[in-house]
Structures are given as structure tokens and as C-alpha cells.
Amino acid sequence: MRHLKLLAFTLTAVSLVAQPSRSRPETGAAVPEKAVLKPGEIWPDDRGLHVQAHGGGIVRLGDTFYWFGEDRSQGLDRAKRYVSCYSSKDLAHWNFRNRVIQLADPENFGPGWVLERPKVFHNAKTKKFVMYMHIDGRTAEGGYKIARVGVATSDTVDGDYQYLRSFRPLGHESRDIGQFIDDDGSAYLIFEDRPFGFRIARLSDDYLSVEKEMSLIPAHMEGGAIVHYQGLYYAIGSALTGWAPNPNKYATAPSLEGPWSEFRDIAPPETKTYGSQSTMLVKIVGTKKTTVIFMGDIWKPGTQWDSRYLWMPLEIGDGKLWLPEPKPWTLDLTTGEAVVN
Ligand code: GAL
């Protein structure tokens, strides 16, 4: 906290610089700096439409971030499920790339079937982009029992992903999923196994299946996300309250195999994570600082297309993690410094 305040104080002049124009050529030298991220507001894409990437995940390729998530635009075919992909060089200005999944019920899951929380992994060996998603039956009473992951692949990051199959990872129930890439490049799936808890498992070499369990944390948490920061693993998640927000929590461990600490609040519990639910943690390693960004969804169950995003730089270190009160903020991707305005 003190560090962010100090930065805010010393860099105020810089953060007041007007937002860079989107029309700058997209060369390496012209990466817009210090664009403002505004938690909870409408985030228009390059078409002026609110970004549809709910329950999403981010993949970074070189200097470009790709954001995948549930596309819940109004007026879509209710029998299909949609995932959209956006790209950005500054995490604030997002270009719509493609509706990478437009899928009619692929395995006879039934009316009201569910495709949620898509996460894309890039496999350097096979050069494929591999998408995991939560696949389920209708959420209404008695539903949500299929509890599988679906897998789809594409040869390009923003191509049309081909649905391959669904399965229960290592034979376990799987509802909300999260993704984690460790610093050595190994890829993990985080999944909520309702009878038992929060599982972390390594993907196979080709990423097409889930190979090895690293941990089962016996806590009922979903919206799972992990970051590896200064030698410690931090896992976050929310309680199981559907679309309603709740106090999200974190635990730490020296290794993905544990032992994991107790879960502790990431924000004042009465704020219910400022109305949001975790979906991803993104680490930005800069020349001066490493910033970890909390990415959460502010769900609007009755008007899903209007659900908002709460992204904030975390106060993190020495086994502690804290989500500051949401405010507009800027990020310098070169130095890694975040300034909360
Ligand atoms: C939440 C979950 C969302 C969605 C929702 C449906 O708990 O995190 O991804 O599944 O429930 O009620």
C-alpha cells in the first residue's frame, strides 16, 4: 500500500498525461504507455462495444495480450455458446479479433447447456492454441451435474477453435476452471471439484489432457487463479455463491504441491471483493517492478452482457496479498509500475 501511494505521489504528473491515441501505428516503438484502466466501467472495444470476455483469461504473446472470455452479447442465438477474443498492447485498449467459438450443443448436453470460463494455453511444442472451458448441463435446479472440461484447439491464437471433446479431469468433477502457467512454462488447470475442493493439476505435454494432480486443497473455492511471486505460490478463489459476490480469499504455498496455508481475505469482507469474483491473476515483470493484477468479474445476472470487469494491481509479498479499493489506475508495461490514481 505504502509503495503504491509513494508511486502515486511521485508519478502523478506522468499519470495525468492524456490517454494515447489508438491511431498510433502498431509498431514496437509506438506501444501506448500508461493508458488508464477503469474498474467497474463500460470497457468499449475498438468498435465501441463493451468487451464481452466474461469469466476470462489472458495469454501474452510477445508484446500482445489476448483476452478470451464468455461472449454474452444481447441477441445471440440462445442455443449456442460463444467465446470472443480481443487483443491489446496496454491492457486498456482492446481490439475485437474474432468470435473464436460459436458452438451449438456439441455432445447432446441438452437445452440450457453451459460453456463458461474459457482459458487458452499456447503450446510451444505443438504450436497449437488449446482452449479449456467448463462444460455443463443447465444451471437450473437439478442441473450442473455434467461437471466436465471441454477442449478446443486452433492453429492461430484468434482463429476458429475446433471443439474436440469433454471429460472429467483425472476423473474428478470440474466446474469453474482457472489456468496457471509457471515461470518455467509448465501449464496447469485449476478446477473446482465440488465434493472435495480446489484442485491444481498439470496438463499433458500436448495440453490436450490433464495429467498429474499437484494439490487438492480441501476448501470449497471457485473462480480459481494462481500466481508465482517471489518464490511463493498464491492461490485465490471465491466462495460458491453463484453470481452473487462474496469475500474472495487466498492461500500460499512454497510449491504447487503445498503445503497450503489457510485461506485469508483479499479485501475487507464486507465489500464482498468490491462486488467482484476472481477469474485470473496476471504477472507483469518490468524493469523496475513486478506487478500482479487481480482480474475479476462484476456479474450482472439479469443483464449478463453488461457485466463489468474489476482489474486492480495487488499489494503482494511476504505471504500477504491484498486487493486495494478499486480506482482508476495506470500501468507502465516497461517498468512494471502501476499507479493508482
Ligand atoms: C458462479 C460461477 C460462474 C457461473 C455462475 C452460475 O459461481 O463462478 O462461472 O457458473 O456461478 O451461477
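Caption draft 1: Local environment of the overall build of the chain. Per the secondary structure count, the chain includes 3 helices and 24 strands. For the chain, the residues scored as buried account for 57% of the 341 residues in total. For the chain, the proportion of contacts with a sequence separation of at least 24, taken over those separated by at least 6, is 51%. When the accessible surface of the chain is totalled, it reaches about 14,500 Å², and 53% of it is carbon and sulfur.

Caption draft 2: Seen up close, the pattern of salt bridges. With the rule as written, the count across this model stands at 19 salt bridges. Note that K89 is salt-bridged to D63, the shortest N-O span being 3.1 Å. Separated by 26 residues along the polypeptide, K89 in the loop between β4 (80–88) and β5 (95–104) and D63 in the loop between β2 (54–61) and β3 (64–70) bring together distant segments of the chain. Residue classification places K89 among the buried positions, given a relative accessible area of 16%. One salt bridge connects E116 with R72, and the closest N-O pair in it is separated by 3.4 Å. Highlighted residues: E116 in strand β6 (residues 114–122) and R72 in the loop between β3 and β4, separated in sequence by 44 residues.

Caption draft 3: Structural detail: the nonpolar core. Ranked by size, the top nonpolar core spans 42 residues in total, and within it W67, L91, W94, W311 and W329 carry the most contacts. Going through the elements one at a time, β3, β14 (222–229), β15 (232–238), β18 (277–285), β19 (290–298), β20 (308–313), β23 (329–331) and β24 (338–340) are the ones with two or more residues in this core. For this core, the leading source of residues is β19, giving 5 residues. Residue contacts for W67: discarding those within four places in its chain leaves W43, V51, A53, G56, G57, I58, S84, C85, Y86, W94, Y309 and W311.

Caption draft 4: Examining empty space enclosed by the protein more closely. A full pass over the atoms with the stated rule returns 3 cavities of 30 Å³ or more. Taken together, A53, G55, G56, G57, I58, W67, T279, M295, D297, Y309 and W311 make up the lining of the second largest cavity. At the level of secondary structure, the elements contributing two or more residues to the lining of the second largest cavity comprise β2, β19 and β20. Considering each element in turn, the lining of the second largest cavity owes the most residues, 4 residues, to β2. When its residues are assigned to classes, the lining of the second largest cavity shows 6 nonpolar, 4 polar and 1 charged.

About the criteria used
Residues numbered from 1 in each chain as written. Predicted model: local features only at pLDDT ≥ 70, side-chain atom pairs only at ≥ 80, totals over all residues. Heavy atoms only, no water. Helix = DSSP H or I, 4+ residues; strand = E, 2+ residues; numbered from the N terminus. Buried < 20%, exposed > 50% of the residue type's maximum accessible area, 1.4 Å probe, protein only. Contact = heavy atoms within 4.5 Å. Areas by Shrake-Rupley, 256 points an atom, 1.4 Å probe, with all protein chains shown as cover. Salt bridge = Lys/Arg side-chain N within 4 Å of Asp/Glu carboxyl O. Core = buried A, V, L, I, M, F, W, Y, C linked by side-chain atoms within 4.5 Å. 1 Å grid on protein atoms, 1.4 Å probe; cavity = no way out; pocket = protein on both sides within 12 Å on 5 of 7 lines; lining within 4 Å. Points joined across faces, edges and corners; volume = space filled by probe spheres on them. Nonpolar A, V, L, I, M, F, W, Y, C, P; charged D, E, K, R; others polar.

By themselves, these are just geometric observations and shouldn't be taken as functional.
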